Amino acid sequence: QAKRNLTMGFDTGHQIPVQAGLEIESGGSSLDAVEKGINVTENDKENTSVGIGGLPNSEGIVQLDACIMHGPGHKAGSVMGIEKIRNPISVARKVMEHTPHVQLVGKGAQEFAISQGFKEEDLLTEKSKLKWLEWKKNNQKKKPEGTIDNHDTIALLILDENGDLTGGCSTSGLAFKLPGRVGDSPIIGGGLYVDNEIGAAGATGIGENVLRHCCSFMIVEFM
Ligand code: ASP
């Protein structure tokens, strides 16, 4: 069957999630395509800004953020500061589909994930641990700040054949952040916004700046 989904996505220059999104069969849902596409990057241990292998916070703990937004019904789900679960985008989808809530944070998000069958694992890879130890040695007294190589995110926006939009966003946030720091990526309207009638926007960059201007919401409103 032809794979005719219109797909737009970006992360650190990889095209893999976009291709994974495209592999959803013709007529498939943009929701599945977004989740599966983002899972590819979350599962990539070499990528140090999303999912397993993401750079940890200042205490050496990997805390992940993600959100998903589905155009039909203006539905949304989000998890923030979740630990030990490699696919936060999938947990965000479960929040959207199986709870009356939009956001779950920290321990509550982790326990919800376990109740939904997600497996806990150590997300700190040797590569990321070494980068953290190096940072600790050199920069212990410096505040975490954004540089070109210590943060990134995947945001994936897909329009399917039915004309429905879905967006997703997943990140380990700013490397060596203060424990509990949450950026824009899991915030509806900040790191992601979808309006099925209009369009979708997703963000990457220093989350504090994106949050202050509700960037994704503003972009879609301007559309
Ligand atoms: N926006 C992400 C955050 O601040 C990081 C990034 O996209 O580079 O958590």
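Attention here is on the structure that accompanies the text. In this text, all values refer to a predicted model and were calculated from it rather than measured experimentally.

**Overview of the pattern of salt bridges**
Inference 1: With the rule as written, the count across this model stands at six salt bridges.
Inference 2: A salt bridge links Arg93 to Asp32; its shortest N-O distance comes to 2.8 Å. Note that Arg93 is positioned in helix H3 (residues 88–98) and Asp32 in helix H2 (residues 30–42), a separation of 61 residues in sequence.
Inference 3: Given a relative accessible area of 13%, Arg93 falls into the buried group.
Inference 4: Notably, a salt bridge pairs Glu35 with Arg93, separated by 2.8 Å at the nearest N-O pair. A residue pair is termed long-range when its members are at least 10 positions apart, and Glu35 in helix H2 and Arg93 in helix H3 qualify at 58 residues. Like Glu35, the residue Arg93 is buried in the burial classification.
Inference 5: Overlapping salt bridges, with partners in common, bring together Asp32, Glu35, Arg93 and Glu97 in one network.

**Quick notes on the site of the ligand**
Inference 1: In the vicinity of the ligand, the residues found are His151, Asp152, Thr153, Gly173, Leu174, Arg181, Asp184, Ser185, Thr204, Gly205, Ile206 and Gly207.
Inference 2: In this structure, an oxygen atom belonging to the ligand sits 3.1 Å away from a main-chain N or O atom of Asp152.
Inference 3: One nitrogen or oxygen atom from the side chain of Asp184 is found 2.7 Å from a nitrogen atom belonging to the ligand.
Inference 4: In isolation the ligand has 270 Å² of accessible area, and contact with the protein removes 100% of it.
Inference 5: Each residue belonging to the shell around the ligand can be placed in one class, and the counts come to two nonpolar, seven polar and three charged.

Rules used in this analysis
- The residue numbers shown here count from 1 along each chain, following its written sequence.
- Totals for whole chains, interfaces and linings use all residues, but because this is a predicted model, local features are given only for residues with pLDDT of at least 70 and pairs of side-chain atoms are given and counted only at 80 or more.
- Only hydrogens and water are set aside; all other atoms, that is, all heavy atoms of the structure, feed into the side-chain values.
- By definition, a salt bridge exists where a carboxyl oxygen of Asp or Glu is found within 4 Å of a side-chain nitrogen of Lys or Arg.
- Labels follow the DSSP assignment, with helices taken as runs of H or I lasting at least four residues and strands as runs of E lasting at least two, numbered in each case from the N terminus.
- Classification of residues uses two cut-offs on accessible area relative to the type maximum, computed with a 1.4 Å probe and protein chains only: under 20% is buried, over 50% is exposed, and between them is partly exposed.
- What makes a residue near a molecule or strand is one non-hydrogen atom of that residue sitting within 4 Å of it.
- Under this definition, polar contacts are N or O atom pairs within 3.5 Å; protein pairs additionally need one hydrogen-donor-capable and one acceptor-capable atom, and for neighbouring residues in sequence, both atoms have to be side-chain atoms.
- Accessibility throughout is a Shrake-Rupley quantity obtained with a 1.4 Å probe, and a residue counts as covered only by protein chains that appear here.
- Following the grouping adopted for this structure description, the nonpolar residues are Ala, Val, Leu, Ile, Met, Phe, Trp, Tyr, Cys and Pro, the charged ones are Asp, Glu, Lys and Arg, and the polar ones are all others, Gly among them.

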